[in-house]
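Each chain, written out:
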Amino acid sequence: RPYLKTHSRAIFNLTYISNRMNRRVLIIVSLLGISILLFYKGGLFQMAGPKMIEQESGNKINVVLFTPKTTQSLPKIELIPEKVEKYNFTKSKKRPLQEKLQPVDIADWTILAEMPTYKQPKRVLQSDWWKAAAFLEIDFKKRPKDLRCRKQKSVGNWFLCQDEPYKVKEPCLVYSFGIGNDFSFDDAMAKLGCEVHSFDPSMNMPEHVRNTSVVFHPIGLSTSVIKDFNPRHDIYVIQDQRWTMMDLLSIMEMLGHKNRVLDYLKIDVEGHEWSVIDYLLKNGITSRIRHFSLEYHIFPDWPDKARYPDLLRTYKRLKEASFYKYFTGIHPLNHTPKKFNIQADVCYVNIKFQS
């Protein structure tokens, strides 16, 4: 008769059915049984048991317990984010939302899609720096004027709108930053009877008064007072120099113009204009400026391309501060990423100016 014998305390206590059976067959059957058991433990048994499902709700995770038989949810367990990490629940960490890149005008998206790609790779065309630069170019070229000036006058190498109520007449105050040995604008404004102050530390020229009554100062424009500024090299700065830099309010106080109106502010400071514009907007001095002209610069190596979206936002904020352009002169462009370059002369009037 067959007899039963315990075999190695196996999970299912497998026993010999008959002493006549081959031991090899029993070993194979045992291994097969263990394999099936492990398979069901990892699959079928788990499917039959309760599960936990994560449901996001705001900044919390709701863990819901259910069984396939009942399909009824048990009470929810709310886990705060700290608990989620402690118990190793997987939840993606979201980065802080950044302001989405927006053009000057919503129609610029259509213009952007129709612009030449200049044989640039897709990764460049889809980057924010390329789009921001394109939106600036579109506004310079496709939308050159916000305001039609009927009495536009040439003053040296810049322009002046003499329409009312923006007309410049005596007594008037003019600040001109960035001369490059060309005083044509400054002298022309002096002939209108204005008090003109010219500033440029790169010319290695001492402070003096020109025969046109223009007063020259070897001071640069910045967002703060810097007595020993080391400028970057460009076509105007070939060798190392040390400059005195001052912010606009400090200069006006130094010259006794603290409570004066600036009838014309001209800035051509080779890329520093972006931070100066931010300074003007932050300090609320824009309300005291009647005319504002400047040359915008984006050089191949400066500012950094990652800053282009911020430059676009700064550019847009100037119009939001009621500065409308009546003239735009764009320089030749270079669309190659390594040599990317944008330069444009823009003349504004403050449409909400009150003397």
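Thresholds applied
- Residues numbered from 1 in each chain as written.
- Predicted model: local features only at pLDDT ≥ 70, side-chain atom pairs only at ≥ 80, totals over all residues.
- Heavy atoms only, no water.
- Helix = DSSP H or I, 4+ residues; strand = E, 2+ residues; numbered from the N terminus.
- Buried < 20%, exposed > 50% of the residue type's maximum accessible area, 1.4 Å probe, protein only.
- Areas by Shrake-Rupley, 256 points an atom, 1.4 Å probe, with all protein chains shown as cover.
- Pairing = 2+ DSSP bridges.
- Core = buried A, V, L, I, M, F, W, Y, C linked by side-chain atoms within 4.5 Å.
- Disulfide = S-S within 2.5 Å.
- Phe/Tyr/Trp six-rings, centres within 6.5 Å; stacked < 30°, edge-to-face > 60°.
- Lys NZ or Arg CZ within 6 Å of the ring centre and 35° of its normal.
- pLDDT = per-residue confidence, 0-100.
- Contact = heavy atoms within 4.5 Å.
- Polar contact = N/O pair within 3.5 Å; in protein donor to acceptor, adjacent residues only side chain to side chain.

With an unreviewed UniProt entry as reference, the protein is termed Methyltransferase domain-containing protein, source organism Magallana gigas.

## Focus: the overall build of the protein
Along the protein, the regular secondary structure elements total 10 helices and 16 strands. When burial is assessed residue by residue, the protein has 39% of its 355 residues classed as buried. Total accessible area on the protein is roughly 21,900 Å²; 53% of this is exposed by carbon and sulfur atoms.

## Some words on the sheet that holds strand β11 (residues 226-229)
Spatially, the three strands line up as an open sheet ordered β10-β12-β11, and their pairing is mixed. Looking along the sheet, the strands with just one partner apiece sit at the ends: β10 (220-221) and β11. As paired elements, β10 and strand β12 (residues 243-246) share two bridges and run parallel to each other. Bridge pairing links Leu221 to Met246 in β12.

## A word on the nonpolar core
The biggest cluster of nonpolar side chains holds 50 residues, and the ones touching the most others in it are Tyr175, Phe177, Leu248, Leu265, Phe292 and Tyr296. For this core, the secondary structure elements donating two or more residues are α6 (128-141), β6 (173-177), α8 (248-254), β13 (262-267), α9 (273-283), β14 (289-298), α10 (308-320) and β16 (342-350). Ranked by residue count, the leading element in this core is α6, at nine residues. Residues Cys149, Cys161, Val174 and Ala190 belong to the second largest nonpolar core, which totals 19 residues.

## Some words on the state of the cysteines
Under the counting rule described, the total for this entry stands at two disulfides. Cys149 shares a disulfide with Cys161; S-S distance 2.2 Å. As the torsion about the S-S bond is roughly 110°, the Cys149-Cys161 disulfide counts as right-handed. Of this pair, Cys149 sits in the loop between α6 and β4 (152-155) while Cys161 sits in strand β5 (residues 158-161), and the two are 12 residues apart along the sequence.

## Description of the packing of aromatic side chains
Counted by the stated rule, this structure contains 21 aromatic pairs. Through successive ring pairs, a cluster of aromatic residues spans Tyr118, Trp129, Trp130, Tyr308 and Phe340. For Arg210, the ring lying beneath its charged end belongs to Phe183, and the centroid distance is 4.0 Å. A cation sits over an aromatic face here: Lys305 above Trp129, 5.2 Å from the ring centre.

## Notes on the sheet that holds β16
Reading across the sheet, the eight strands line up as β8-β9-β7-β6-β13-β14-β16-β15 and stay open at both edges, with mixed pairing between neighbours. Each edge of the open sheet carries a strand with a single partner, namely β8 (208-209) and β15 (323-330). In the sheet, β6 pairs with β13 via four bridges, with the strands oriented parallel. Within the sheet, the bridge partner assigned to Phe177 lies in β13 and is Ile267.

## Some points on the pairing of β12
Judged from the two bridges that link them, β11 and β12 form a sheet pairing that is antiparallel. Across the sheet, Phe229 pairs through a bridge with Trp243, a residue of β12.

## Examining the environment of Val168
Its place among the elements puts Val168 in the loop between β5 and β6. Judged by relative accessible area, which is 3%, Val168 ranks as buried. It is 8.2 Å that separates the C-alpha atoms of Val168 and Tyr264, two residues lying 96 residues apart in sequence.

## Some points on the confidence of the model for the protein
Predicted coordinates in areas of low pLDDT are best not read in detail. Looking at the protein, pLDDT values average 80 and 73% of them are 70 or higher. Of the regions scoring below 50 in pLDDT, residues 1-20 engages in 17 contacts with residues more than four places distant in sequence or in other chains. Contacts of residues 43-97 to residues separated by more than four positions or lying in other chains number 60 contacts, the stretch itself having pLDDT below 50.

## Notes on the side chain of Thr328
Topologically, Thr328 is positioned in strand β15. From its side chain, Thr328 meets the backbone oxygen of Pro144 in a polar contact 2.9 Å long.

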